[in-house]
Amino acid sequence: MEIKVEPKAMEIKVEPKTMEIKLEQEAMEIKIHRDTPEATLKKTKEEEQPLSPAARVFHAPAFNCYVITVIGVKKKIEPDVVIEGLKQTLIRHPRFSSKMVNKTNKNKQTQRWVRTNVVANNHVIVPDIQTQNIENANADKFLDSYVSDLTLVPLDTSKPLWELHLLDLKTSDAENVAVLKFHHSLGDGMSLMALVLACMRKTSNLNELPTLPYQNRTSSGSSRLTGGSWSGFRFLWLFMVLWSTIMLVLNTICDALRFIATAMFLKDTKTPIKGDYRLSKPKRMSLVHLTVSLDDIKLIKTNMKMTVNDVVIGVTQAGLSKYLERRYGEKKNVVGDDQKSKRNSNDMPKRIRLRSALLVNLRPTTGIQDLADMMDKGSKCRWGNMIGYIVFPFSIGLRKDPLEHLGTAKRIIDRKKNSLEAALTFIVGKFMIKAFGVKVTANLLNRMLSNTTMSFSNLIGPIEEISFFGHPITYMAPSVYGHPHALTMHFQSYMNKMTISLTVDPTVIINPYQLLDDWEESLRTIKTAVQERGSTHQ
């Protein structure tokens with residue numbers, strides 16, 4: 001009895017367990033098969049991202065743009081410390097750890113960002129510089145030449161499109177120098193600068209991020225009206241809103257027509273600072289900079305009731321006028337006083353059309369803290385190229401009263417603020433890329449910029465001293481090249497200083513430091529005029 005019962009008992013006990021195990025295994029297999037494709041798809045989406053329309057344009061041969069930022073520091077650079085800092089910050093950003101890959105799908109070629117393993121040493125370059133016999137003046141020239149040489153060397157597309165050069169070189173305004181170079185397709189200027197700042201920390205507290213000045217926007221008068229007064233001013237308020245809307249529409253239409261005319265046929269006056277770059281091959285560009293007092297600019301701003309940007313553009317207008325007068329004078333001396341007809345033809349024209357392309361970031365500026373969290377915690381924030389253009393006309397000519405340059409500049413700026421030109425150019429550019437492709441859009445943009453004279457931008461920097469991975473910074477000089485202009489001016493504030501960076505074609509502007517000197521002289525002249533005006537009114 002026992003022998004017969006035990007096998008049956010064993011069968012009854014074991015078989016259900018066996019079935020349970022098999023069912024569990026099948027369920028696990030089904031779950032794995034179902035989950036694996038979704039996980040793989042999610043991972044693929046995170047590791048691959050298509051290039052934005054603007055990024056694709058920046059890779060077109062007619063508009064292949066790079067950003068270079070020269071950073072001066074107060075102490076000898078320690079490469080190992082910098083490399084370790086990059087591993088903890090910049091390399092963790094998706095764009096700086098992705099390479100651009102061309103993929104073909106259904107006979108259609110697409111460009112995508114593909115995440116890759118980044119070897120920091122492959123992106124950090126420490127040249128062997130024999131500095132024993134280099135004095136400060138010669139060191140400045142060496143730096144200018146070194147950075148200019150970088151404009152002829154494209155980045156390696158087999159790895160992420162950035163590199164950092166660490167120069168053991170003592171210049172007149174820094175103990176050592178770092179040079180950041182990255183492709184403009186990685187992001188717009190404001191986003192890239194914010195990312196660089198997110199890698200830095202305050203010198204006073206190495207755990208704190210840099211602080212940018214607070215831009216106080218004054219509240220409108222209507223917001224200060226009481227309930228009773230609001231009812232009395234309702235009609236006036238409605239009229240002002242209607243009038244502002246009408247002017248906004250009219251200004252936008254006028255700016256759009258001028259933009260179209262510029263792209264088709266409307267050219268700037270041929271001056272000594274205008275180059276001809278329509279669909280030309282890349283050239284070696286010269287990059288130079290000058291640092292002036294930001295307090296002087298703020299003094300003018302306060303007394304004239306303007307913004308820093310108003311003052312910078314006004315001084316730039318005065319500086320360009322002074323420089324062009326000098327260049328036309330040099331031409332007149334070359335011709336000779338005995339040839340009166342030729343001499344008069346080489347005087348500076350009374351009416352000069354000289355316009356600048358101003359890049360406007362249309363995306364809300366990504367905060368430094370958000371970018372720091374992205375690199376530290378892997379969180380997400382806004383990123384990419386979302387930029388439009390404004391064609392800004394400078395009023396060129398010498399003035400008896402230097403303050404007239406500030407007045408004309410402010411009127412033009414206020415007029416441009418009441419226009420949707422930048423947003424419209426972005427929308428039209430995006431449409432053209434979809435309708436006609438990147439090549440046609442890049443060629444049209446190249447043509448439009450070729451018909452203007454220069455580029456201009458102004459960036460706000462930290463108000464306190466910051467450190468680059470433990471290296472206190474003395475100045476930051478960002479610039480861009482690859483677009484069809486012989487002159488590009490960038491302004492970067494930092495603490496109580498303003499650094500003016502010039503990117504010039506040396507075959508057109510052979511003496512860029514003279515242009516910087518004329519800008520500085522114009523600042524002093526306008527500051528003196530403002531102080532005299534203030535003492536007169538007291």
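Scroll up to find the structure.
Values in this document were obtained by computation on a predicted structure and should not be read as measured data. (Residues numbered from 1 in each chain as written. Predicted model: local features only at pLDDT ≥ 70, side-chain atom pairs only at ≥ 80, totals over all residues. Heavy atoms only, no water.)

A.B. asks: How should empty space enclosed by the protein be read in this particular structure?
C.D. replies: In this approach a probe as big as a water molecule rolls over the atoms, and the regions it shows empty are the leftover space. For the coordinates displayed, the defined rule picks out two cavities of 30 Å³ or more. One number sums up the size of the largest cavity: a volume of about 100 Å³. Split into classes, the residues belonging to the lining of the largest cavity amount to seven nonpolar, three polar and one charged. Each pocket or cavity is described by its volume, and for the second largest cavity that value is around 60 Å³. Forming the boundary of the second largest cavity are Leu86, Leu90, Leu164, Leu180, Val196, Cys199, Phe468 and Phe469. For the lining of the second largest cavity, a count of residues per class yields eight nonpolar, no polar and no charged. (1 Å grid on protein atoms, 1.4 Å probe; cavity = no way out; pocket = protein on both sides within 12 Å on 5 of 7 lines; lining within 4 Å. Points joined across faces, edges and corners; volume = space filled by probe spheres on them. Nonpolar A, V, L, I, M, F, W, Y, C, P; charged D, E, K, R; others polar.)

A.B. asks: Sorry, what's going on with the sheet that holds strand β7 (residues 176-183) here?
C.D. replies: The strands making up a sheet associate through hydrogen bonds between their backbones, and the pairing can be parallel or antiparallel. Overall, mixed pairing links the five strands, which are arranged β5-β6-β7-β2-β14 in an open sheet. Among the strands making up the open sheet, the edge pair consists of β5 (124-125) and β14 (473-481). In the sheet, strand β2 (residues 66-73) pairs with β14 via eight bridges, with the strands oriented antiparallel. By the bridge assignment for β14, Val67 is matched with Val480. Those strands touched by helix α3 (residues 79-88) are β5 and β6 (162-167), and its axis lies near 160° from that of β6. Sheet strands touched by helix α5 (residues 189-198): β2, β7 and β14. Its angle to β7, the strand with the most contacts, is close to 135°. (Pairing = 2+ DSSP bridges. Helix = DSSP H or I, 4+ residues; strand = E, 2+ residues; numbered from the N terminus. Contact = heavy atoms within 4.5 Å. Axes fitted to C-alpha atoms, helices over the stretch in contact; angles between N-to-C directions.)

A.B. asks: Looking at this structure, how should I read the nonpolar core?
C.D. replies: Note on soluble globular proteins: their nonpolar side chains tend to be buried together. With 78 residues, the main nonpolar core has Phe63, Leu86, Trp162, Phe182 and Ile473 as its most contacted residues. Those residues in contact with Phe63, other than ones at most four positions away along the chain, are Val57, Phe58, Tyr389, Ala442, Leu445, Leu449, Gly482, His483 and Pro484. (Core = buried A, V, L, I, M, F, W, Y, C linked by side-chain atoms within 4.5 Å. Buried < 20%, exposed > 50% of the residue type's maximum accessible area, 1.4 Å probe, protein only.)

A.B. asks: Explain the sheet that holds strand β4 (residues 108-115) here, please?
C.D. replies: Taken in spatial order, the three strands of this open sheet run β1-β4-β3, and their pairing is antiparallel. The outermost strands of the open sheet, each flanked by one partner alone, are β1 (48-50) and β3 (98-105). Between one strand axis and the next, the sheet turns through 35° on average, direction left out of account. Looking at chain direction, β1 and β4 are connected through three bridges and run antiparallel. Bridging from a neighbouring strand, Gln49 pairs with Trp113 of β4.

A.B. asks: Mind showing me how you'd approach unusual backbone geometry here?
C.D. replies: Glycine aside, a negative phi is what most residues show, and trans is what most peptide bonds show. In the Ramachandran plot, Phe469 falls in the positive-phi region, its phi being about 55° despite a non-glycine side chain. Note on placement: Phe469 falls in the loop between β13 (466-467) and β14. In the Ramachandran plot, Met495 falls in the positive-phi region, its phi being about 55° despite a non-glycine side chain. Relative to the helices and strands, Met495 resides in the loop between β15 (487-494) and β16 (497-504).

A.B. asks: What am I meant to see in the pairing of β15 here?
C.D. replies: Working note: regular strand, side chains alternate between the two faces of the sheet. Among the eight residues in β15, eight count as buried, and that is most of the element. Residues Leu487, Met489, Phe491 and Ser493 line one face of β15 and the alternating positions Thr488, His490, Gln492 and Tyr494 line the opposite face, and both faces are buried. Bridge count for strand β12 (residues 454-459) against β15 is six bridges, and the pairing is parallel. Paired with Met454 across the bridge in β15 is Leu487. What sits between the antiparallel neighbours β15 and β16 is a turn of two residues, in which Met495 has the positive phi angle 55°.

A.B. asks: Would you mind showing me how to read a nonpolar patch on the surface here?
C.D. replies: Together, Phe235, Leu236, Phe239, Met240, Leu242, Trp243, Ile246 and Leu250 make up a nonpolar patch on the protein surface, roughly 860 Å² of accessible area in all. Within the fold, Leu236 resides in helix α6 (residues 227-264). On the basis of relative accessible area, Leu236 is assigned to the partly exposed category, the value being 45%. (Patch = residues over 30% accessible without salt bridge, like charges linked within 9 Å, V, L, I, M, F, W, Y side chains within 5 Å. Areas by Shrake-Rupley, 256 points an atom, 1.4 Å probe, with all protein chains shown as cover. Salt bridge = Lys/Arg side-chain N within 4 Å of Asp/Glu carboxyl O.)

A.B. asks: Even after reading the chapter, I still don't get the packing of helix α12 (residues 421-436) against helix α13 (residues 438-450), so can you show me in this structure?
C.D. replies: Between two packed helices, both the angle of their axes relative to each other and the distance between the axes serve to describe the pair. For the pair α12 and α13, interaxial distance at closest approach is 7 Å and the crossing angle is 135°. Relative to α13, the element α12 is oriented oblique. In this structure, α12 uses Gly429, Met432, Ile433 and Phe436 to contact α13, whose residues at the interface are Val438, Val440, Thr441 and Leu444. Of the residues belonging to the contact of α12 with α13, the class tally is six nonpolar, two polar and no charged. (Parallel < 35°, antiparallel > 145°, perpendicular 65-115°, else oblique.)

A.B. asks: Would you take a moment to explain the packing of aromatic side chains for this structure?
C.D. replies: Describing an aromatic ring pair means giving the distance of the ring centres and the angle of the ring planes. Inspection of the entire model under this criterion finds ten aromatic pairs. With a centroid separation of 5.9 Å and 85° between ring planes, the pair formed by Phe96 and Phe182 is classed as edge-to-face. One end of the pair, Phe96, is in the loop between α3 and β3; the other, Phe182, is in strand β7, with 86 residues separating them in the sequence. A relative accessible area of 1% places Phe96 in the buried class. Geometrically, the ring pair formed by Phe394 and Phe456 is edge-to-face, given 6.5 Å between the ring centres and 65° between the ring planes. Taken together, the residues Phe394 in strand β11 (residues 387-394) and Phe456 in strand β12 connect sequence positions 62 residues apart. Phe456 sits in the buried class, given a relative accessible area of 4%. (Phe/Tyr/Trp six-rings, centres within 6.5 Å; stacked < 30°, edge-to-face > 60°.)

A.B. asks: Would you take a moment to explain the environment of Lys141 for this structure?
C.D. replies: Structurally, Lys141 can be placed in helix α4 (residues 136-150). The spatial distance from the C-alpha of Lys141 to the C-alpha of Val288 is 9.5 Å, given a sequence separation of 147 residues.

A.B. asks: Would you mind going over the pattern of salt bridges with me for this structure?
C.D. replies: A side chain with one charge may pair with a side chain of the opposite charge, provided their charged atoms come close. Considering all chains together, one arrives at 21 salt bridges under this definition. The partner of Glu465 in a salt bridge is Lys74, and the shortest N-O contact between them spans 2.5 Å. Linking Glu465 in the loop between β12 and β13 with Lys74 in the loop between β2 and α3, this pair joins segments that are 391 residues apart in sequence. Here Lys74 falls in the partly exposed class, since its relative accessible area comes to 48%. The residue Lys75 makes a salt bridge to Glu78 at a minimum N-O spacing of 3.6 Å. Three or more residues joined by partner-sharing salt bridges are found here, namely Asp255, Arg258, Arg415, Lys416 and Glu421.

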